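So the chains spell out like this:
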Amino acid sequence: MSQTTQTLEQKSLWVLVSSFRDGTKSTDLQSITSSVIELVNEWQSKGNFIWSGPLDDNRTGMAIFEATEKEARSFHDKYDKICSRILDSHLYQWNATPFLSAL
């Protein structure tokens, strides 16, 4: 197995950051809420975890989840298809060393 294949198959932490597009109202979220809940429920039904919540600026939210690169990009693509009309979203691989593992 090549190193590229191993990298794609190795699970790591990912961060999905979303923020309102200019002109978006909080009431616009109602139009996507059920689809996002369905996507998250589908993700969790496969035994995957996802932690998510809003940031204190009332415009930005963040989700943290574990996945292979392929799974993470697939999740982001589905999320973006649902939300791109009212949210900008960006996917990042979490490259930080967990604090407790450094001890």
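For the structure, see preceding data.
Residues numbered from 1 in each chain as written. Predicted model: local features only at pLDDT ≥ 70, side-chain atom pairs only at ≥ 80, totals over all residues. Heavy atoms only, no water.

> Just checking my understanding: could you explain the pattern of salt bridges for this structure?
Working definition: two side chains of opposite charge can pair if their charged atoms are close together. Here the structure, examined in full by the defined rule, presents 5 salt bridges. Because the salt bridges share partners, they merge into one network encompassing E42, K46 and K78. (Salt bridge = Lys/Arg side-chain N within 4 Å of Asp/Glu carboxyl O.)

> Looking at this structure, I do not really get the packing of aromatic side chains. What am I missing?
Ring pairs (aromatic) are described by centroid distance and by the angle formed between their planes. Following the criterion strictly, the structure yields 4 aromatic pairs and no others. For the ring pair F65 and F75, a centre distance of 5.2 Å and an interplane angle of 50° mean the geometry is tilted. Taken together, the residues span a long stretch of sequence, with F65 in strand 3 (residues 60–67) and F75 in helix 3 (residues 69–83) at a distance of 10 residues. Residue F65 is classed as buried on the basis of its relative accessible area, which comes to 0%. Note on F75: relative accessible area 4%, which makes it buried. These aromatic residues form a ring-pair network of at least three members: W43, F65 and F75. (Phe/Tyr/Trp six-rings, centres within 6.5 Å; stacked < 30°, edge-to-face > 60°. Helix = DSSP H or I, 4+ residues; strand = E, 2+ residues; numbered from the N terminus. Buried < 20%, exposed > 50% of the residue type's maximum accessible area, 1.4 Å probe, protein only.)

> I tried to follow the pairing of strand 3 on my own but got confused; where do I start?
Every other side chain in a regular strand lies on the same face of the sheet, so the side chains alternate between the two faces. Counting buried positions along strand 3 yields 6 of 8 residues, so the element is predominantly enclosed. Taken together, the 8 bridges between strand 1 (residues 12–20) and strand 3 define a ladder with antiparallel strand orientation. The partner of V15 across the bridge, within strand 3, is I64. By the bridge criterion, 5 bridges tie strand 2 (residues 50–54) to strand 3 in an arrangement that is antiparallel. Bridging across to strand 3, P54 finds its partner in G61. Counted along the chain from strand 2 to the antiparallel partner strand 3, the turn is 5 residues long, and its residue N58 has a positive phi close to 60°. (Pairing = 2+ DSSP bridges.)

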